[in-house]
Amino acid sequence: MKHVVVGAGTAGFNAITTLLSIQPDADVTLVSAEVPYARMVLPYYLSSEIEEGNVYTITPSRLEELGVKLQLGARASGLDRVAKRVLLEGGGSVEYDHLLIATGSSSVRPPVPGIDGERVFDHWTLADTQALRAVIRPGAEVAIVGAGFIAFTIVNPLLHAGCKLTLIEREPHVLPRMLNAEAAAVLEGWLRDHGVAIHTRASLERIEDAPDGSKRVIVNGSALSTQYSVLVIATGIRPNLEWLRDSGLSIDRGLIVDEQLRTNDPAVYAAGDVAEVRDAVTGQRAVMAIETAAMEQGRIVGAAMAGQPRTYAGGMLMNVIESAGLQAASFGDWAGSAATEGRAAGGHYRRYIWDGDRLTGAVIVGPAHQVAGENDMGMLKGLVQSGRPLGRWQRLLAERPFEVRKAFLSAGSVADLLPRTVLGEPSKPLEAALRS
Ligand SMILES: Cc1cc2nc3c(=O)[nH]c(=O)nc-3n(C[C@H](O)[C@H](O)[C@H](O)COP(=O)(O)OP(=O)(O)OC[C@H]3O[C@@H](n4cnc5c(N)ncnc54)[C@H](O)[C@@H]3O)c2cc1C
């Protein structure tokens, strides 16, 4: 069996290591535009909290030692499902019996004048981080256009570097796809108190070069009063699926897969940011463009390629950010309308979403050390994942939203969650799994 994995990010890496841990002599080829690394840790490299070496998930030489055939720096440009071949940009192809498509997403810039000028950066790839590291300086005026999740992953690194930071967002509040307006207002207030300038309802129209070499940003017809030495564009991402346009695979927002993560062609799997999977909370199909989903789905596909198919229970959307000491998180059906709310002094906010007496989602904002110390997030996530009816504890949580522990322990969610693992057995560290 020839196993081919396209994409060396989180999903592709987890698929290969899972496959090899079950079947060490498997015939595996990795085709990837980039070398294997985790995008999620790039903000820590930007802030120099970790070295570049810590960004990589595995080295090409270790993969070769494990017998993986490498086509790194190679880009898939098409798929011939009849001949079972992945076509490569610039010619050539790779034959497969089983194929995993794990090409992730790319950042997308809005088509406005000046967007491709100098000193305008993205923050999605390792190369983007390297370019940004070279220009950020203490005192630099930096603006991030788009105040969504990716923008927020680099707020701390830029503040730690001593930059003066501005967030520019088209929607009425920051993190529009992660927080409701009330939660975002707490975060915006906190950030302004920490010196971050925030412009909302500010639609980018163009970027101009000022005579001193800095950038002028035009929103809603007029220039912002500050000029910037660095602009970061974080207005959105899209799954890397153009190369599959003529493949005949079913694509909606992502590649549509079944519960074993197979596309409409049983020889072709998809995982990570490109896959449209079942949302375990809502039951609807969704693209889960998050690290944990890519990891779990990669492992499921790796096991399936090794002849051990497993059912993917579905993912749960979850986003967590920490900026200037304030943590904000949302998960499950966080935007649902049947909700209860709570606030407390010092930046605390909660929103719980209910289906009868079952918790289906939550929004949490609070000082990071307190939210982490109380582990409310873990417990609330557990309540959503277990789907347990909370009975009278629902009223307690609705009336006293900061008393999570009692409801969590009394509802019996721990017993539901403990036996759950992705592959039906505890996961092992990579090298131990490959040795055993
Ligand atoms: C700065 C940053 C911070 C993040 N922080 C978090 C976080 O805190 N929490 C969280 O849950 N998620 C986070 N994410 C998102 C998370 O990194 C992604 O959801 C995850 O990387 C998806 O994994 P993937 O394997 O699907 O795709 P990717 O990791 O994007 O990997 C895709 C791979 O495919 C390759 N590729 C693409 N097109 C082709 C082609 N045509 N041919 C060959 N190879 C190709 C790429 O080079 C890459 O190797 C963050 C992302 C970024 C950029």
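Residues numbered from 1 in each chain as written. Predicted model: local features only at pLDDT ≥ 70, side-chain atom pairs only at ≥ 80, totals over all residues.

1. Digging into the overall build of the protein
Check the secondary structure of the protein and you find 14 helices and 26 strands. Computed over the C-alpha atoms, the radius of gyration of the protein is 23 Å, within 12% of the 22 Å expected from 2.2 N^0.38 for a compact globule of 436 residues. Restricting to contacts in the protein with at least 6 residues of sequence separation, those with at least 24 account for 63%. (Helix = DSSP H or I, 4+ residues; strand = E, 2+ residues; numbered from the N terminus. Rg over C-alpha atoms; globule rule 2.2 N^0.38 Å. Contact = placed C-beta atoms within 7 Å.)

2. Side note on the pairing of strand E1 (residues 2–6)
Within E1, four of the five residues are buried, which leaves the element mostly enclosed by the surrounding structure. Where E1 meets strand E2 (residues 27–32), five bridges bridge the pair, whose relative direction is parallel. In the sheet register, Val4 faces E2, and the bridge partner there is Thr29. Read as a crossover between parallel neighbours, the route from E1 over helix H1 (residues 10–22) to E2 is right-handed. (Buried ≥ 20, exposed ≤ 12 C-beta atoms within 10 Å, placed from the backbone. Pairing = 2+ DSSP bridges. Right-handed = clockwise from strand over helix to strand, strands pointing away.)

3. Here we look at the domain arrangement of the protein
Along its sequence, the protein is organised into domain 1 (2–105 + 238–315), domain 2 (120–235) and domain 3 (325–417). Here domain 1 and domain 2 have C-alpha centroids that lie 31 Å from each other. Domain 1 puts nine residues into the contact, and the matching count from domain 2 is twelve residues. Class assignment for the residues of the side of domain 1 that touches domain 2 results in six nonpolar, one polar and two charged. (Domains from an automatic or database assignment. Nonpolar A, V, L, I, M, F, W, Y, C, P; charged D, E, K, R; others polar.)

4. Focus: the site of the ligand
Taken together, 34 residues are adjacent to the ligand, and Gly7, Gly9, Glu34, Gly104 and Gly272 come closest. Sorting the residues of the shell around the ligand by element identifies H1, E2, helix H2 (42–46), helix H5 (149–153) and helix H8 (291–305) as the ones contributing at least two each. Class assignment of the residues belonging to the shell around the ligand gives a composition of 16 nonpolar, 13 polar and five charged. (Near = placed C-beta within 6 Å.)

5. Details of the nonpolar core
Core analysis: the biggest nonpolar cluster contains 120 residues, and Ala15, Leu100, Val232, Ala271 and Ala362 have the highest contact counts within it. Here this core gets eight residues from one element, more than from any other, and that element is H8. (Core = buried A, V, L, I, M, F, W, Y, C linked by C-beta atoms within 7 Å.)

6. Some points on the sheet that holds strand E11 (residues 164–168)
Ordered in space as E9-E16-E10-E11-E12, the five strands form an open sheet in which the pairing is parallel. Strands with a single pairing partner mark the edges of an open sheet, and in this sheet they are strand E9 (120–122) and strand E12 (197–199). Taking each pair of neighbouring strands and ignoring which way they run, the sheet shows an average axis angle of 20°. In the sheet, strand E10 (residues 141–145) pairs with strand E16 (residues 230–233) via four bridges, with the strands oriented parallel. Bridge pairing links Val145 to Ile233 in E16. (Axes fitted to C-alpha atoms, helices over the stretch in contact; angles between N-to-C directions.)

7. Quick word on the sheet that holds strand E19 (residues 268–270)
If you walk across this open sheet you meet the five strands as E3-E2-E1-E7-E19, and the pairing is parallel. Since the sheet does not close on itself, it has two edges, and those belong to strand E3 (69–72) and E19, each with one partner. For this sheet the average axis-to-axis angle between neighbouring strands, irrespective of direction, equals 15°.

8. As for the environment of Leu396
Mapped onto the elements, Leu396 comes out in helix H11 (residues 392–399). Counting along the chain gives eleven residues from Leu396 to Ala407, while the straight-line C-alpha distance between them is 7.6 Å. Not counting the four nearest positions on each side in its chain, Leu396 is found in contact with Glu403, Lys406 and Ala407.

9. Brief notes about H11
Those residues of H11 that fall on the buried side of the exposure criterion are Trp393, Gln394 and Leu397. Looking down the long axis of H11, one finds its buried residues gathered within 110° of arc, a one-sided arrangement. Structural note: H11 exposes Arg392 and Glu399 on the side pointing more than 90 degrees away from its buried face. (Arc of directions from axis to C-beta.)

10. As for the packing of H11 against helix H12 (residues 404–411)
For the pair H11 and H12, the least separation of the axes is 9 Å and the interaxial angle reads 165°. Between H11 and H12, the interaxial angle falls into the category roughly antiparallel. Once H11 is placed against H12, the crossing between them reads as left-handed. Here Trp393, Leu396 and Leu397 of H11 come into contact with H12, specifically with Val404, Lys406, Ala407, Ser410 and Ala411. Of the residues contributing to the contact of H11 with H12, the split by class is six nonpolar, one polar and one charged. (Parallel < 35°, antiparallel > 145°, perpendicular 65-115°, else oblique. Left-handed = near helix turned anticlockwise from the far one by under 90°.)

11. Describing helix H10 (residues 376–386)
Of all the residues in H10, the buried ones are Asp376, Leu380, Lys381, Leu383 and Val384. Buried residues of H10, seen end-on, are gathered within an arc of 155° and therefore sit on one face of the element. Phi turns positive one or two residues past the end of H10, at Gly387, with a value near 65°.

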